[in-house]
Amino acid sequence: MTGTIDPTVINLVVFVLAVFVGYHVIWNVTPALHTPLMSVTNAISSVIIVGAILAAGPYETDFGAILGAVAVGLAAVNVFGGFLVTQRMLEMFRKKAPKAEKEKA
Amino acid sequence: MSANQLALWYLVASVLFVLALKGLSSPVAARRGNLFGMIGMAIAVLVTLAITKKVAFILVAAAIGGMIGAFVARRVQMTQMPQLVAAMHSLVGMAAVLIAIAVVNNPGAFGEHDPLPRGNRLELFIGSFVGAITFSGSVIAFGKLAGLGKMFRLFSSAPVVYKGQHLLNLILAIVMIGFGLAFFLAEGKAWMPFSVMLAIAFLLGVLIIIPIGGADMPVVISMLNSYSGWAAAGIGFSLNNSMLIIAGSLVGSSGAILSYIMCKAMNRSFISVIMGGFGAAEGAAAAGSGDKTVRSGSAEDAAFLLANAESVVIVPGYGLAVARAQHAVKEMAQKLIAKGVNVRYAIHPVAGRMPGHMNVLLAEAEVPYDQVFEMEDINGELGTTDVALVLGANDVVNPLAHEKGSAIYGMPIIEAHKARTVLVNKRSMAAGYAGLDNPLFYMDKTMMVFGDAKKVVEDMVKALE
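Residues numbered from 1 in each chain as written. Chains lettered and ligands numbered in written order. Predicted model: local features only at pLDDT ≥ 70, side-chain atom pairs only at ≥ 80, totals over all residues. Heavy atoms only, no water.

Trainee: For the overall build of chain A, give the residues involved together with the corresponding values.
Mentor: A tally of regular secondary structure across chain A gives five helices and zero strands. Counting helices and strands in the order they occur from the N terminus, chain A gives α-α-α-α-α. Looking at chain A as a whole, 55% of its 105 residues are labelled buried. With the model as given, the accessible surface of chain A reaches about 4,900 Å², and the carbon-plus-sulfur share is 71%. (Helix = DSSP H or I, 4+ residues; strand = E, 2+ residues; numbered from the N terminus. Buried < 20%, exposed > 50% of the residue type's maximum accessible area, 1.4 Å probe, protein only. Areas by Shrake-Rupley, 256 points an atom, 1.4 Å probe, with all protein chains shown as cover.)

Trainee: Provide a residue-level description of the pairing of strand E5 (residues 421–426) of chain B, including the pertinent values.
Mentor: Remark: a regular strand shows side chains that alternate across the two faces of the sheet. All names here are of chain B. Taking burial as the measure, the six residues of E5 include six buried ones, the bulk of the element. Neither face of E5 is exposed, since Thr421, Leu423 and Asn425 on one face and Val422, Val424 and Lys426 on the opposite face are all buried. Pairing of strand E4 (residues 387–391) with E5 involves five bridges; the strand directions are parallel. By the bridge assignment, Ala388 is partnered in E5 with Val422. As paired strands, E5 and strand E6 (residues 446–450) are joined by five bridges and run parallel to one another. Within the sheet, the bridge partner assigned to Val424 lies in E6 and is Met448. (Pairing = 2+ DSSP bridges.)

Trainee: Lay out the packing of helix H2 (residues 34–45) of chain A against helix H4 (residues 81–105) of chain B with the relevant residues and their values.
Mentor: How two helices sit against one another is set out by the angle between their axes and by the gap between those axes. As a packed pair, H2 of chain A and H4 of chain B sit with axes 10 Å apart at the nearest point and diverge in direction by 20°. One element, H2 of chain A, and the other, H4 of chain B, form an angle in the roughly parallel class. Between H2 of chain A and H4 of chain B the crossing geometry is left-handed. Residue-level contacts link Thr35, Met38, Ser39, Asn42 and Ser45 of chain A of H2 of chain A to Met81, Val85, Met88, His89 and Val92 of chain B of H4 of chain B. Considered class by class, the residues forming the contact of H2 of chain A with H4 of chain B number five nonpolar, five polar and no charged. (Axes fitted to C-alpha atoms, helices over the stretch in contact; angles between N-to-C directions. Parallel < 35°, antiparallel > 145°, perpendicular 65-115°, else oblique. Left-handed = near helix turned anticlockwise from the far one by under 90°. Contact = heavy atoms within 4.5 Å. Nonpolar A, V, L, I, M, F, W, Y, C, P; charged D, E, K, R; others polar.)

Trainee: How would you summarise the sheet that holds strand E1 (residues 311–316) of chain B if you had to cite specific residues and measurements?
Mentor: All names here are of chain B. On the basis of which strands lie adjacent, the open sheet formed by six strands has the order E3-E2-E1-E4-E5-E6 and parallel pairing. At either end of the open sheet lies a strand with only one pairing partner, and these are strand E3 (372–374) and E6. This sheet shows a mean twist of 25° between the axes of neighbouring strands, independent of strand direction. The pairing of E1 with strand E2 (residues 342–347) spans four bridges and is classified as parallel. Its bridge partner lying in E2, Ser311 is registered against Asn342. Together, E1, E4, E5 and E6 form the strand contacts of helix H11 (residues 299–307), whose direction differs from that of E6 by roughly 135°.

Trainee: Help me get a handle on the confidence of the model for chain A, residues and values and all.
Mentor: Residues and elements named next belong to chain A. In the predicted model, chain A carries a mean pLDDT of 87, and 89% of its residues have values of at least 70. For chain A, the element scoring lowest by mean pLDDT is helix H5 (residues 97–104), at 44; H2 scores highest, at 95. Within the model, pLDDT remains below 50 along residues 98–105, and this stretch shows three contacts once partners closer than five positions in the same chain are excluded. (pLDDT = per-residue confidence, 0-100.)

Trainee: Could you give an account of the packing of H2 of chain A against helix H4 (residues 63–92) of chain A, naming the residues involved and the relevant values?
Mentor: Residue and element names in this part refer to chain A. Between H2 and H4, the least distance of the axes is 7 Å, while the angle of their chain directions is 155°. Of the possible angle classes, the one that applies to H2 and H4 is roughly antiparallel. Our pair here, H2 against H4, has a crossing hand that is left-handed. Across from Thr35, Pro36, Ser39, Val40, Asn42, Ala43 and Ile44 in H2, the residues of H4 making contact are Asn78, Val79, Gly82, Phe83, Val85, Thr86, Met89 and Leu90. Class assignment of the residues belonging to the contact of H2 with H4 gives a composition of nine nonpolar, six polar and no charged.

Trainee: So, the packing of aromatic side chains: which residues are in play, and what are the values?
Mentor: Taken as a whole and judged by the stated rule, the model has nine aromatic pairs over all chains. With a centroid separation of 6.4 Å and an interplanar angle of 75°, the aromatic rings of Tyr23 of chain A and Trp27 of chain A are classed as edge-to-face. Taken as a pair, Tyr23 of chain A and Trp27 of chain A lie in helix H1 (residues 7–27) at a separation of four residues, close to a single helical turn. Judged by relative accessible area, which is 38%, Trp27 of chain A ranks as partly exposed. On the numbers, 5.4 Å between centres and 40° between planes, the contact of Phe125 of chain B with Phe129 of chain B is tilted. (Phe/Tyr/Trp six-rings, centres within 6.5 Å; stacked < 30°, edge-to-face > 60°.)

Trainee: Now, about the interface of chain A and chain B: what can you tell me, with residues and values included?
Mentor: Across the contact, 82 residues belong to chain A and 99 residues belong to chain B. Buried area between chain A and chain B, both sides added, is near 7,900 Å², and the carbon and sulfur share of it is 77%. On the chain A side of the contact with chain B, Met38, Ile48 and Phe93 of chain A bury the most area, a combined 9% of that side's loss. The interface formed by chain A and chain B contains zero salt bridges. The interface formed by chain A and chain B holds 16 residue pairs in polar contact (both at pLDDT 80 or more) in total. Elements that contribute at least two residues to the side of chain A that touches chain B include exactly H1, H2, helix H3 (49–56), H4 and H5 of chain A. In the side of chain A that touches chain B, the residues fall into 51 nonpolar, 22 polar and nine charged. (Buried area = accessible area lost by both parts, 1.4 Å probe. Salt bridge = Lys/Arg side-chain N within 4 Å of Asp/Glu carboxyl O. Polar contact = N/O pair within 3.5 Å; in protein donor to acceptor, adjacent residues only side chain to side chain.)

Written out as structure tokens, the structure reads:
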């Protein structure tokens, strides 16, 4: 056994472990919140914006950089849209405590 | 910032993403979880911006997208969530494709060797074709969910089927992989095989979604959710970015689990959903019901039964949301609770158009979530329930699911037929998605209340006063 580990192998290790974590975490999500789960996973997968930022980043604004900027824009729609719509939905699941008491009275 | 520091910040963001998903185990923890997700995203974006040169250029692009996203998030109606989610999947897919093209164009910008090493090219090929399929597939799913079938035939919610469909898809997939391998093995930038591969992937995305009918849409959006995650993970592999791999895998496994849950709730195998064609030509199935009699009553009769019950279980279906009757239902439930009736809601996993959709629709109408029960949790109690009130649901309460040989045999249902009295509101006697007749409607203890759900429930509310 000699030599350094290929980055692809490290990537694979990270990938397999992350799938395991995902599997166990997601089965614990209550079915009532599956729609917010989908919108928040949408927002999280938009972390691809990091790749888009790198693509848009180099000094010379060539064809690749423009595509990168477009990708930044598309992913940003999801980052903001995803987290905000999730928050909006989760607010609806808040217990309306004061109102409920009024009705009892 | 050194590469090590960057990687550590990415690790922090990854942990925050896991916590965001973990929070969704309860409505209270979920809001904090969402905040963790936002912080994670902010960290990821800020540290990446810190290592780029053209911050202003990038911020302009992000601001335009961000404003659109924030505007849509504020305005979208909860009934439109499935379309919104489909549209968002398509954006992730497209972003993955654009990034992949940018990597082929200039690997140096990503700290990669130029030309791109072979190993990274394999991953790039996988990430970009999954991204392309996610994009075009989600566009079709969006069209189907938004009901744009009249504008464009491919958006029709009826399955688009033709002879040799699956063979064509298989051949295209093989050709696509062939060009992908050519890209992998080629020297230099190899634009030709890369772009042909992408073009076929875009086409395939369209072709694999068009044969899938409206009823299977909950599976399709979950599946595309999964694909969008795998696309992000694929890009993460080709950029050697652990955070992208982690986030992508979390999303990918989430979508896969949701697809599994939806398939199980409809008693359909994943393969048969993918093959499509379900719900195409089954209009004749409801025939032969002419000799059976249905007992129908008015909203006032129904209200009388409800008011005199001790326990009521409301079974909402998507028809309720179409009629925008959620608020009226909640008002009716409150009136009943005030009279001392125990009111609960029973939710089938496919009651809405996407996983958990009905829960959100009820939450929007301010139905307290502790009155809302999942199918498995409430089925055992329907036998001791006085009245089951079925509103705009059909297949999910069809007792044929318990009979061997029926088309929906084995599908888990809400056992409304076990309640002492069953009230069913429907617009007409038309069959549901599965095209099956429903024996529940002909039972002696069943009373049908025909009419628009909103109108009927509002009449019930009036009668309860």
